[in-house]
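Listed here are the chains, written in short residue letters.
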Amino acid sequence: MIPASESRVPSPESRQLPIAVLASGRGSNLAALLDAHAAGKLPVEFKLVAGDHAGAPALRNAEAHGIPTFALEPKSFANRREFDEALFANVAASGAGLVVLAGFMRIIDPLVTAQWTGRMINIHPSLLPKYRGLHTHRKVLRHGDAEHGASVHFVSAELDGGPVIAQARIDVRADDTEESLAARLLPFEHRLMVACVAAIARGMLCQRDGRTWFNGAPLAAPLKLDGDGRLAAA
Ligand code: GAR
């Protein structure tokens, strides 16, 4: 029996980890997951793609791939908790063992995050713990940082908090704008997302006692994405 303090997602290579993806908009990270799956590089089964905007391109793309989708309209609910409970009741009913937040631009109620501890990850466009929340590219430029990046982390009740799993880094150039930074970072986000989901699906990564564990040991620092798109110790 797995202790209460540990939440592991077991998935031998022969098995497909059932996942649900939540996305609010464009869905390029979802597209990266779908491409990796189609290439046989991601041992998952897409149970559901859901979001908070019925017209989101991410949902259209999922439909085109034959994946069940739905969107809930936040305005139809009395408050955040009711919205999240309805959303995650559907996620749980889908049979997903892992929830992937791929550009899902909502804060999630702590009651719900507690139910999915160790089974929900998020991608965020900064080198966490730097720059939680919105406008990360702008903040990097304002602070004159030499480096920018993206992080994948387990989700906790804290916005963009939770144990970091892995990060991808890029240099900031003298002529960078918010737009150029976002555009240069995005392909790294895609590789990072695919690598993290694949490692969780293969049972190499889990959250235990509030930390990220990789291959049976707690991480002292987030994993880094190497040039081949693989996760490596920092
Ligand atoms: C990505 O850049 C992702 O890191 C960011 O939203 C974008 C979604 O793009 N997420 C956050 O800022 C969450 N805090 P996509 O819809 O093309 O995947």
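Please refer to the structure higher up on the page.
Residues numbered from 1 in each chain as written. Predicted model: local features only at pLDDT ≥ 70, side-chain atom pairs only at ≥ 80, totals over all residues. Heavy atoms only, no water.

Novice: Explanation requested: the nonpolar core in the structure shown.
Specialist: A general tendency of soluble globular proteins is for nonpolar side chains to be buried together. Grouped together as the largest cluster of nonpolar side chains are 51 residues, with contacts concentrated most on Val100, Leu192 and Leu231. Of all the elements, helix 6 (residues 178-201) adds the most residues to this core, at twelve residues. Those residues in contact with Leu192 that lie beyond four places of it in its chain are Ile123, Ala150, Ser151, Val152, Ala166, Gln167, Ala168, Leu225 and Leu231. Of all hydrophobic cores here, the second largest spans 19 residues; its members include Leu48, Phe70, Ala96 and Val155. (Core = buried A, V, L, I, M, F, W, Y, C linked by side-chain atoms within 4.5 Å. Buried < 20%, exposed > 50% of the residue type's maximum accessible area, 1.4 Å probe, protein only. Helix = DSSP H or I, 4+ residues; strand = E, 2+ residues; numbered from the N terminus. Contact = heavy atoms within 4.5 Å.)

Novice: Which parts of the structure should I look at to understand helix 1 (residues 28-38)?
Specialist: Turn by turn, an α-helix covers 3.6 residues, leaving residues three or four places apart pointing in a common direction. Looking at helix 1, one finds that the buried residues are Ser28, Asn29, Leu30, Ala32, Leu33, Leu34 and Ala36. Where helix 1 is buried, its residues touch strand 2 (17-22), strand 3 (44-51), helix 2 (57-64), strand 5 (98-101), strand 6 (120-124) and helix 6. Gly40 occupies a position one or two residues after helix 1 and carries a positive phi of about 75 degrees.

Novice: When you look at the environment of Thr117 in this model, what are you seeing that I'm missing?
Specialist: Looking at the element boundaries, Thr117 is found in the loop between helix 4 (110-115) and strand 6. Look at Thr117 and you get partly exposed, because its relative accessible area is 34%. Sequence spacing of Thr117 and Arg208 is 91 residues, and the spatial spacing of their C-alpha atoms is 9.4 Å. Within polar-contact distance, the side chain of Thr117 engages the backbone oxygen of Ala114 at 3.1 Å. (Polar contact = N/O pair within 3.5 Å; in protein donor to acceptor, adjacent residues only side chain to side chain.)

Novice: What is the right way to look at the site of the ligand in this model?
Specialist: Surrounding the ligand, one finds Arg26, Gly27, Ser28, Asn29, Gly103, Met105, Ile123, His124, Pro125, Asp160 and Glu189. Between an oxygen atom of the ligand and a side-chain N or O atom of Arg26, the distance comes to 2.6 Å. Gly27 places a main-chain nitrogen or oxygen 2.7 Å from an oxygen atom of the ligand. With the chains in place, 88% of the 450 Å² that the ligand exposes on its own is no longer accessible. Within the residue set of the shell around the ligand, elements represented by two or more residues are helix 1 and strand 6. In terms of residue class, the shell around the ligand is made up of three nonpolar, five polar and three charged. (Near = heavy atom within 4 Å. Areas by Shrake-Rupley, 256 points an atom, 1.4 Å probe, with all protein chains shown as cover. Nonpolar A, V, L, I, M, F, W, Y, C, P; charged D, E, K, R; others polar.)

Novice: In this structure, what is going on with helix 2? I would like to understand it.
Specialist: Taken together, the buried positions of helix 2 are Ala58, Leu59 and Ala62. One side of helix 2 holds all its buried residues, which, seen down the axis, span an arc of 95 degrees. For helix 2, the elements touching its buried residues are helix 1, strand 3 and strand 4 (69-71). Just downstream of helix 2, Gly66 is the residue with a positive phi angle, here 75 degrees. (Arc of directions from axis to C-beta.)

Novice: It is not clear to me how unusual backbone geometry should be interpreted in this structure. Could you clarify?
Specialist: Excluding glycine, residues mostly carry a negative phi; peptide bonds, for their part, are mostly trans. Cis geometry marks the peptide bond from Leu128 to Pro129, where omega comes out at 15 degrees. Structurally, Pro129 can be placed in the loop between strand 6 and helix 5 (136-142). The phi dihedral of Asp160 is positive, around 50 degrees, even though this residue is not glycine. On the secondary structure map, Asp160 appears in the loop between strand 7 (147-154) and strand 8 (164-171). For Asp160, a relative accessible area of 11% gives the class buried. Backbone geometry places Asn215, a non-glycine residue, at a positive phi of 50 degrees.

Novice: Please explain the packing of helix 1 against helix 6 as it appears in this structure.
Specialist: In the contact formed by helix 1 and helix 6, the axes pass within 9 Å of each other and the chain directions differ by 50 degrees. One way to sum up the angle between helix 1 and helix 6 is to call them oblique. Where helix 1 crosses over helix 6, the handedness of that crossing is right-handed. Counting all contacts with helix 1, which are made through Ser28, Asn29, Ala32, Leu33 and Ala36, the residues of helix 6 involved are Leu186, Glu189, His190, Met193, Val194 and Val197. When grouped by side-chain class, the residues that make up the contact of helix 1 with helix 6 number seven nonpolar, three polar and one charged. (Axes fitted to C-alpha atoms, helices over the stretch in contact; angles between N-to-C directions. Parallel < 35°, antiparallel > 145°, perpendicular 65-115°, else oblique. Left-handed = near helix turned anticlockwise from the far one by under 90°.)

Novice: What should I look at first to understand the sheet that holds strand 7 in this one?
Specialist: Within a beta sheet, neighbouring strands are joined by backbone hydrogen bonds and run either parallel or antiparallel to one another. Strand order in the open sheet made by the nine strands is 4-3-2-5-6-7-8-12-13, with mixed pairing throughout. Each edge of the open sheet carries a strand with a single partner, namely strand 4 and strand 13 (231-232). One ladder, built from two bridges, connects strand 12 (residues 223-225) with strand 13; its direction is antiparallel. Of the residues in strand 13, the one forming a bridge with Leu225 is Leu231. (Pairing = 2+ DSSP bridges.)

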